[in-house]
Structure formats: C-alpha cells, structure tokens
Amino acid sequence: MQRVLVASLVVGLATGACDPSTGPDGNDQPASAAIRVLHTVADVPAIDVLVDDAVVLAAVSVGAVSGFTPLADGARRVAFRPAGSATPVPAQVLTLGTGDSLTVLTVRVGSVLNPWVLTDTGRVVPPDRSKLRALHFAATAPALDIWRTQPDWGDPITFMFPHEYREITPYMESDPGTWTVLVSTRRRNAQGVPVLEDTLLITAGIVVPAGRSRTVVVLDAPGGGLAYEVLDP
C-alpha cells in the first residue's frame with residue numbers, strides 16, 4: 001500500500017478464473033454486472049473474495065483495490081476470508097442490477113469481514129470541470145478534519161467538520177487539474193472555526209481531468225497511522 005505522501009491507485013490483483021460469459025460459480029448466467037473490492041481492515045494482511053461460494057479474487061492485499069470482476073446480475077452472496085483459508089465464513093447478499101458496477105469496501109463486524117457498498121450519487125461532471133470527494137474509513141481513528149486544495153483555490157479548505165468514521169463528503173467541484181487532500185486532528189479557534197494543525201496525512205497531487213471525478217478514501221495503515229487510496233469511478 002502507498003502511504004501518506006505517495007499517491008496511489010493499486011490495480012490489477014490476482015483474480016479467479018471466472019469466464020466473463022458465465023456467473024462466478026460457472027453457471028450459464030451471463031456476466032452483466034461487476035464488482036471491485038478495496039480491502040481496508042489493516043490487521044488482515046490479505047483476503048480472498050468469494051461470490052456464491054467461489055473465489056473470484058485471490059490474495060487482495062490490505063490497502064489495495066482490485067479491478068472490476070464481471071458477475072451475473074441479481075442476488076449474489078459475497079464473503080471475505082483471510083487469503084488461503086478454507087474456513088467457511090458468513091456471506092452477505094448484494095443485489096446487482098444489469099450493468100451495475102459496485103465498489104465494495106471491507107468492514108469488520110465483530111470477527112467477520114462484511115461488504116460495505118460505496119454509493120456514487122452526484123458523480124456526473126460538466127465537461128469543463130472536475131470533482132473530488134473524501135471518505136473517512138479509518139476504523140481506529142476518531143472524528144477528523146479533512147481538507148483539500150483544489151485547482152481554483154490553493155489554500156486548504158474543509159470538506160466537512162467533524163468528519164466521522166464512514167462518512168463521505170459530497171463531491172466538490174473545481175476546474176480540471178491537481179487537488180490535494182490533508183487530514184488533521186480536530187482543532188478550533190476561539191470562534192469555533194477549524195484550524196489546520198497536527199496534520200496526520202497529506203496526499204500527493206491528485207490529478208483530475210476535465211469531466212472526471214475521484215474519491216479519496218482515508219484508511220488505517222498497517223502498523224498504525226493513516227494511509228489513503230484514490231478511486232477512479
């Protein structure tokens with residue numbers, strides 16, 4: 001995983017031998033939908049992703065996002081287990097419509113890793129603009145302040161405050177170009193206005209071309225601290 005000051009979009013993980021003309025269990029259902037997985041639970045080094053009891057993604061590393069894997073639409077049973085394990089794990093049902101492409105993050109519920117679907121409303125971008133949003137998905141971190149600089153504004157400004165775990169900001173819109181995201185502890189001046197101090201993470205420049213959007217996901221880093229991923233829809 002790329003940490004702190006290094007931009008990252010990790011793609012191209014090992015996949016199961018899933019024929020795109022069939023469902024993941026080899027049946028005759030056409031693969032008309034797709035999912036990708038961002039593994040976020042820092043103390044599980046890698047996971048296998050099962051759909052309808054078949055491994056469709058193998059050894060997805062923590063902090064990495066897979067490519068899209070084709071699936072048949074309809075109700076699919078999705079489960080995560082430590083890479084290489086044969087231990088049965090509970091599955092959650094995700095319903096995929098025809099043509100759906102879902103981004104799924106891992107989230108721990110008790111001792112089980114479950115899927116958490118990243119929704120993507122408001123993604124349509126004017127052809128001469130760019131958009132960016134931020135998701136707090138660092139389970140061990142408290143509420144944070146998450147800031148950005150954007151192509152038409154060089155001074156840091158907040159997305160929202162406070163920014164709680166699993167909260168996602170609306171898309172912010174700007175000119176095409178380079179954005180930066182900064183994460184800090186919560187600090188306020190006498191008037192209650194956020195103050196950028198105690199910076200915990202600064203991304204490298206995130207280039208968002210005209211007509212495109214990006215999502216920055218703030219994560220727990222293995223061994224402590226914060227990391228991040230940049231998702232292209």
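Up top you'll find the structure we're talking about.
Quick look at the structure, then.

Quick notes on the rules
The numbers attached to residues start from 1 for each chain and follow its sequence in the written order. Residue-level local features of this predicted model are given only where pLDDT is at least 70; pairs of side-chain atoms are given and counted only at 80 or more, and the full residue set underlies all totals for whole chains, interfaces and linings. Hydrogens are left out, water is left out, and the side-chain values use all remaining heavy atoms of the structure. Only protein chains enter the calculation, and the probe is 1.4 Å; a residue is then buried if its accessible area is under 20% of its type maximum, exposed if over 50%, and partly exposed in between. For the purposes of this entry, the term helix denotes a DSSP run of H or I that reaches at least four residues, the term strand denotes a run of E that reaches at least two, and both are numbered from the N terminus. Pairing between strands is defined by DSSP: at least two bridges between the two strands are required. Contact definition: two residues touch when any of their heavy atoms are within 4.5 Å. Definition of a polar contact: a pair of N or O atoms within 3.5 Å, with one able to donate and the other able to accept a hydrogen when the atoms are protein atoms, and with sequence-neighbouring residues admitted only if both atoms are side-chain atoms.

Another point: the pairing of strand β17 (residues 226-231). Buried residues dominate β17, accounting for 6 of its 6 residues. Here strand β16 (residues 212-220) pairs with β17 via 6 bridges, running antiparallel. Its bridge partner lying in β17, L219 is registered against A227. The turn linking β16 back onto β17 is made up of 5 residues, and G223 within it adopts a positive phi angle of 90°.

The next subject is the environment of S32. Mapped onto the secondary structure, S32 falls in the segment before β1 (33-38). Given the relative accessible area of 25%, S32 is considered partly exposed. Along the backbone, S32 and G97 are 65 residues apart, and their C-alpha atoms lie at a distance of 8.3 Å. Apart from the residues lying within four places of it in its own chain, the contact partners of S32 are L71, A72, D73, T98, G99 and D100.

Right, let's get into the environment of W153. Tracing the chain through its elements places W153 in strand β11 (residues 153-163). A residue is classified by how much of its surface remains accessible, and W153, at 46% relative accessible area, is partly exposed. Through-space distance from the C-alpha of W153 to that of S174 is 8.5 Å; in sequence the pair is 21 residues apart. In this structure the side chain of W153 is engaged in a polar contact, spanning 3.4 Å, whose partner is the backbone oxygen of D155.

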